[in-house]
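# Summary of structural features
Letter by letter, the chains look like this.
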Amino acid sequence: MTGPRLEMKNITKEYFGNKVLKGINISVQPGEVHAIVGENGAGKSTLMNILFGMPVIHNTGGYKGKITFNGSSAPISSPEEAMEMGIGMVHQEFMLLPGFTIMENIKLNREPTLPNIWSSIFGEKMRTLDIPRMRRDAKAALERLDLNIDEMLQVAGLPVGFMQFVEIARELDKTSLQLLVLDEPTAVLTENDAETLLKSVRRMANEGISVLFITHRLDEVLSVADRITVLRDGEQVATMNPSEATVEKLAELMVGRKIKSILHKDREADSDRNTQPLLSIKNLHVQMPGEEVNGVDLEVMPGEILGLGGLAGHGKIGVANGIMGFYPASGEITVKGKQIPLNSSIASLNSGMAFVSEDRRGVGLLLEESVEMNIIVQAMQSQGKFLKRRIIEMMDAKTARKHTDRMIKDLDIRCTGPEQLTRRLSGGNQQKVCIAKALTLEPNILFVSEPTRGIDVGAKRLILDLLVELNRKSGVTIVMTSSELSELRSICDRIAIIYKGRLEGILSPDESNAKYGLMMAGALAHKRKAAS
Amino acid sequence: MPEECLISQKPTLKERILDFYRDFGVARLIIFAFLIFLLASAFALKLPMEQILSSVLTRFGMNGILVLAMIPSIQSGTGPNFALPLGITCGIVAITLSIELNMAGFSGFFFSVGVAALLGAATGFLYGFLLNRVKGQELTVGTYFGFSIVSLMCIFWFLAPYKSPEMIWPYGGSGLRVTIALQDRIGKVLDNFLAFDFFGVTVPTGLLLFFALFCTGLWLFSRTRTGIALSTVGTNPKFAESSGLNVNRYRIIGSTISQALGAVGIVVYAQSFGFIQLYMAPLFMAFFAVASILIGGASLKKSTVTHAVIGTFLFQSILVVSMPVANIVVADNIADVIRIIISNGIILYALTRKETGGDLS
Amino acid sequence: MSDDIRNPDRKMTLQMVAPESRHEQAYKYYLRKNVVPLVFLILCILGGYYSGLSLPFLINEIITRMARNSFIVISLIVPILAGMGLNFGIVLGAMAGQFGYVATANFQMTGFTGFFVTVLITVPLAIIFGWLTGKLFNQSKGKEMITGIILGFFANGIYQLILLYFMGNIIPIRVPTMLLSTGIGIRNTIDIKGMHYAIDNLWKIRLQIPGFIFPIIIPVVTLAALAALCIAVHFLFKTKLGQEFRATGQNRQIAEVAGIKVDRIRILAIIFSTVLAGIGQVIFLQNLGNINTYGSHVQVGTFAVAAILIGGASVTKATISQALLGTLLFHTLFIVSPLAGKNLIGDAMIGEYFRVFITYGVIGVALALHAWQAKQKRR
């Protein structure tokens, strides 16, 4: 061997003072399958974006560190450059044109062409497509993946698994391909397809192509990888050979423990375990694209803070969205013993539940409206608050202003006044407005999804403190969904882990890291499957 | 994620000025400068300013309600109402009915307004269902829906069984006349109501009061529960849904009010104008109303009564002042060309602005 | 627990293939796909029957109109396939053509030379207009159609400003008869008799149909130009550039990631369209022999769009045969509807209004259907 194909040395990346990568060192040999594992937000995608020269990186101040490719320094500055060097990437979301055939997709923008009269006058673009060669190439690439499929089929209508293979075939077809990045390629595949895929990954490696393999499935990692790097919170926690690793060890490394639980030990372990659950969820199914829920059973006790954790795409986000009527849902929801009709926001709101959405800017706020309007409008429309009856129901400006002022003071929303547009507020203050909006409904149960996403570190703590205070002082039961396990563990009484749309188990915040890691990787589910 | 960090907490003065400039926009600056230039020329040419001002006031009042019709449509998130010819046609039908029933003066006017509002609301309600099926393409569909209605109504005017000699051709021929005079009917009833001269400027009190009444009404509506729900639906449909609001229902309400206002608007317009024009005449009326509210500072997603009032005033002022100025300086009809350029120019400008979220972006 | 649960899509595709015989399916698919042209075919046949026109006359009219209008309709194809919808902005191409004629009429050119020079002037003008239009469309992505409509109106204002107030004033005009009596501004009609039938008459074939007096006249060169255009467009979509148009039309983001310069491709698509429309307008006007200075171009966009839609095209899909079929059906309706209206209800105006309604209505319905489908797809 002539030395590593790719070396990333001391890679550091900041987003506006927020360090998301802290000195990562990765080296990949030719023909090596290098797995990168880590929780959401551990920095995997940022690292790959750097490697692929994505504009996101360069628009936000670039990165620090050194990348060498085949021994020569390579400060990759654009995806085209990365592609030219022989780096291919299969994205998590499919980059296929549905109306094109498989062949056209594989050869997209790299079509072999033949010259003609017009091309000699008007240039290269007027060359005719060499369809027979395109078909041959496509077929060859598909065969390398052991895929027997008509290359002239339209991509629209193909099973999801096939699309993944078409994507990989496209990268394989690039003759210069030396390094292939696979971003959670098995997430959408069935077990069988995943196996086929892993086999082809091995085969590619044997052909001398290096593969960077990003995944959550730890058993896969052990079976396919030559080297494993674990990232956590932007830090490289470990790099090892699969022989040194076990699923448990990887899980523990992956989860780690960041924020010490300071807040939550200020009360006795719940003595009211025998009381009625405030909210009980039975067999909840939610069709939320990318976050499907496939039958969750869960009980929420009055006065607790329940955490919902799990990896991205496994459905933890779908639970609250389904209960609140945002996405089509089925199942049985009872609040205080009374069944609540599903698929109706208004019914959920009226039963004393409120929701702070994870999609703050898309769903949570009226960006072009004032802080005041944002806080009061939901309560006004669903509960008829802040209205006075003249001939018709008019807004009661006085009580609305009084309430807004109080909220701004209580929640310490930093704004120039109730009239300021929420678009102008910082992320943390926008989140506070969302919480104020939900509190205005005076809920018994407050769902909070990803409350600290996109908020800087200082403000994160403020938001978490606020939630705890609400819970302790006002007795609001809180169901908090978060991708950051550490955050859940710092304030929750119990944490439910969702895996593949189902409840994997409920853990106490003090449980060991390994247990958390295993549960999030679905070890139990796998065991059950193996047993059956 | 990172973009959020870009938003500073409190805008500095410089940012505010820049913001104002950005919101106001190059197009509006040009239009504003053009108006000032026109006014200066009018003074320099010693044109009769009293007459010009009277004319501005009248045209302001007569176009106002048509422009107000844009507000519920924009607020409910369906964009400027390019299908306004629908409401306009309803208004014209109402007026022809009042003539056929031999009504005149205020009784004729209020009858027309009432029938117009009812017809407009009914058709707007139905049109709302269409709008809900074509989310994201309301502007294009609306434009051609408006055109279709106008051409369909041509067949109606042609076949309508009206008998009034004022409306049908005097010497045979089928169908209604192209232009029907209203001077013995509802012509100028509002304009002349309590009208007075003030330093030579004729103030059409009734007309302005009527317009003011509608402005106030619409402003009050925007403070009601329904009004607030309407604009919530328009600014962020997902937010509205999460508040338990039925988005489609409020879009229909917006369409209903908009077309009703359009219908009433054309009745007011016609009484001031003194004529109604049938057949293809309403084809382009929506564009001038859209242009007016955009000139006033509205965008495709946000508008207020103030925008409508300012916009109508500015747009009509330009039209009124440019006519005599152009007549002296260049030639006859240039005012019309300027009207086309300005109104479509401002719409183009609004279309190329980037706006956050929603169907229309 | 099976992993299939997370993969509902896969199961669905497998189930979808099953029932309904393939034959029946194909038949239904064919009907649904062609329902619009079929309805209009029936309308045309009915209208043709009630119009009482003789067949050779009708055929002659149709050939003339096909020869002079198809070019403009075909100009819509490239932007449709590039995902920019119906290019209402071709009005600007038509204006370029008319500017061309103003110039050649000004130099009193005639015959084929005049026609050729007109095209030579039109093309660069159309390229500039197309480039500007494309730039504008890139500023209003997703709203190209409404922008195109409004742009047409706006450009018409500028056009009037130039022809009515600049010509004979800032821009000198040599031929006084072109100007209004005041000496400023072009008259309502521009006489281009010198270039009348400039290419139609180059070679005409007369076909005598037994039993009828009038022969069928075929303008061979014009039709040959049309055929050449069809082949060229067909060829274009076999090239690398054509593939890039199609890829951009399918999905801008994915095309961009694949390294296609999407914004440039979009501008190029509009330039293509505008230039073709410009040449189309020049061909159209040489057949008429005079220009309605302030009217000839106004409806070009609307008529062309209606024609291609009647042919069965949609906002996202169009073929050459749809464009040709649509032109045929739309213009047949154009010819027969006034007469049919007169014979059926006693007034030609009814047919005329009906035709206008159809024109607008067809566009309205097509746009609504497109929006509706797009909305369902998003779900």
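Remember, predicted model here, so these are calculated numbers, not experimental data.

### Some details on the packing of helix α4 (residues 55–74) of chain C against helix α12 (residues 262–288) of chain C
Residues and elements named next belong to chain C. Between α4 and α12, the shortest axis-to-axis distance is 7 Å and the interhelical angle comes to 165°. Judged by the inter-axis angle, α4 sits roughly antiparallel to α12. When you trace α4 past α12, the crossing you get is left-handed. Across the interface between the two elements, T64, R68, N69, F71, I72 and I74 of α4 pack against L276, A277, I279, G280, Q281, I283, F284 and N287 of α12. Considered class by class, the residues forming the contact of α4 with α12 number 8 nonpolar, 5 polar and 1 charged.

### Details of the packing of helix α7 (residues 111–139) of chain C against helix α8 (residues 144–166) of chain C
All names here are of chain C. At a closest axis distance of 9 Å, the pairing of α7 and α8 adopts a crossing angle of 135°. By the criterion of interaxial angle, the relationship of α7 to α8 is oblique. The interaxial crossing formed by α7 with α8 has right-handed handedness. Contact with α7, carried on its side by T133, L136 and F137, involves E144, T147 and L151 of α8 and no other residues of that element. Here the contact of α7 with α8 is built from residues that sort into 3 nonpolar, 2 polar and 1 charged.

### Examining the interface of chain C and chain B
By a frequent convention, interface size equals the accessible area lost on bringing the separate parts together. Facing the 39 residues of chain C at the interface are 33 residues of chain B. Counting residues per element, the side of chain C that touches chain B draws most heavily on helix α15 (residues 348–378) of chain C, at 17 residues. Per-class residue counts for the side of chain C that touches chain B are 26 nonpolar, 10 polar and 3 charged.

### Quick notes on the confidence of the model for chain C
All names here are of chain C. Across chain C, pLDDT averages 86, with 93% of residues at or above 70. The low-confidence segment residues 1–20, where pLDDT is below 50, has 22 contacts with residues more than four positions distant or belonging to other chains. Reported confidence for the predicted complex is 0.86 by ipTM and 0.85 by pTM.

### A short note on the environment of S164 of chain B
All names here are of chain B. Residue position: S164 is located in the loop between α7 (138–159) and β1 (179–181). Assessed through the 14 C-beta atoms surrounding it within 10 Å, S164 is described here as partly exposed. Separated by 169 residues in the primary sequence, S164 and N333 have C-alpha atoms spaced 35 Å apart. What S164 contacts, discounting residues up to four positions off in sequence, is I99 and E100.

### Some remarks on the pairing of strand β1 (residues 6–15) of chain A
All names here are of chain A. Both β1 and strand β4 (residues 64–69) contribute to a ladder of 5 bridges, which runs antiparallel. Looking at β4, one finds that M8 is bridged to I67. Relative to strand β2 (residues 18–28), β1 runs antiparallel, the two sharing 8 bridges. Bridge pairing in β2 links K13 to L21.

### Some points on the environment of V113 of chain B
Residues and elements named next belong to chain B. Tracing the backbone shows V113 in helix α6 (residues 105–133). Placed 151 residues apart in sequence, V113 and V264 show a C-alpha to C-alpha distance of 5.3 Å. Apart from the residues within four sequence positions on either side, V113 is in contact with V264 and V267.

### Quick notes on the sheet that holds β2 of chain A
The antiparallel open sheet is built from 4 strands, whose spatial order is β2-β1-β4-β5 (chain A). Across the chains shown, the open sheet's two edge strands, defined by having one partner strand only, are β2 and β5 (72–73) of chain A.

### Looking at unusual backbone geometry
For N109 of chain A, which is not a glycine, the phi torsion comes out positive at approximately 60°. Inspection of the secondary structure puts N109 of chain A in the loop between α4 (102–106) and β7 (113–114). Backbone geometry at Y197 of chain C places phi at a positive 55°, although glycine is not the residue there. Considering the arrangement of structural elements, one finds Y197 of chain C in the loop between β1 (189–191) and β2 (204–207).

### So, α7 of chain B
Helix length check: α7 of chain B, at 22 residues, gives a terminal C-alpha distance of 31 Å against a target of 32 Å (1.5 Å per residue), a fit within 8%. Most of α7 of chain B sits inside the fold, with 17 of its 22 residues counted as buried.

Cut-offs applied
- Residues numbered from 1 in each chain as written.
- Chains lettered and ligands numbered in written order.
- Predicted model: local features only at pLDDT ≥ 70, side-chain atom pairs only at ≥ 80, totals over all residues.
- Axes fitted to C-alpha atoms, helices over the stretch in contact; angles between N-to-C directions.
- Helix = DSSP H or I, 4+ residues; strand = E, 2+ residues; numbered from the N terminus.
- Parallel < 35°, antiparallel > 145°, perpendicular 65-115°, else oblique.
- Left-handed = near helix turned anticlockwise from the far one by under 90°.
- Contact = placed C-beta atoms within 7 Å.
- Nonpolar A, V, L, I, M, F, W, Y, C, P; charged D, E, K, R; others polar.
- pLDDT = per-residue confidence, 0-100.
- Buried ≥ 20, exposed ≤ 12 C-beta atoms within 10 Å, placed from the backbone.
- Pairing = 2+ DSSP bridges.
- Expected span 1.5 Å × (residues − 1).

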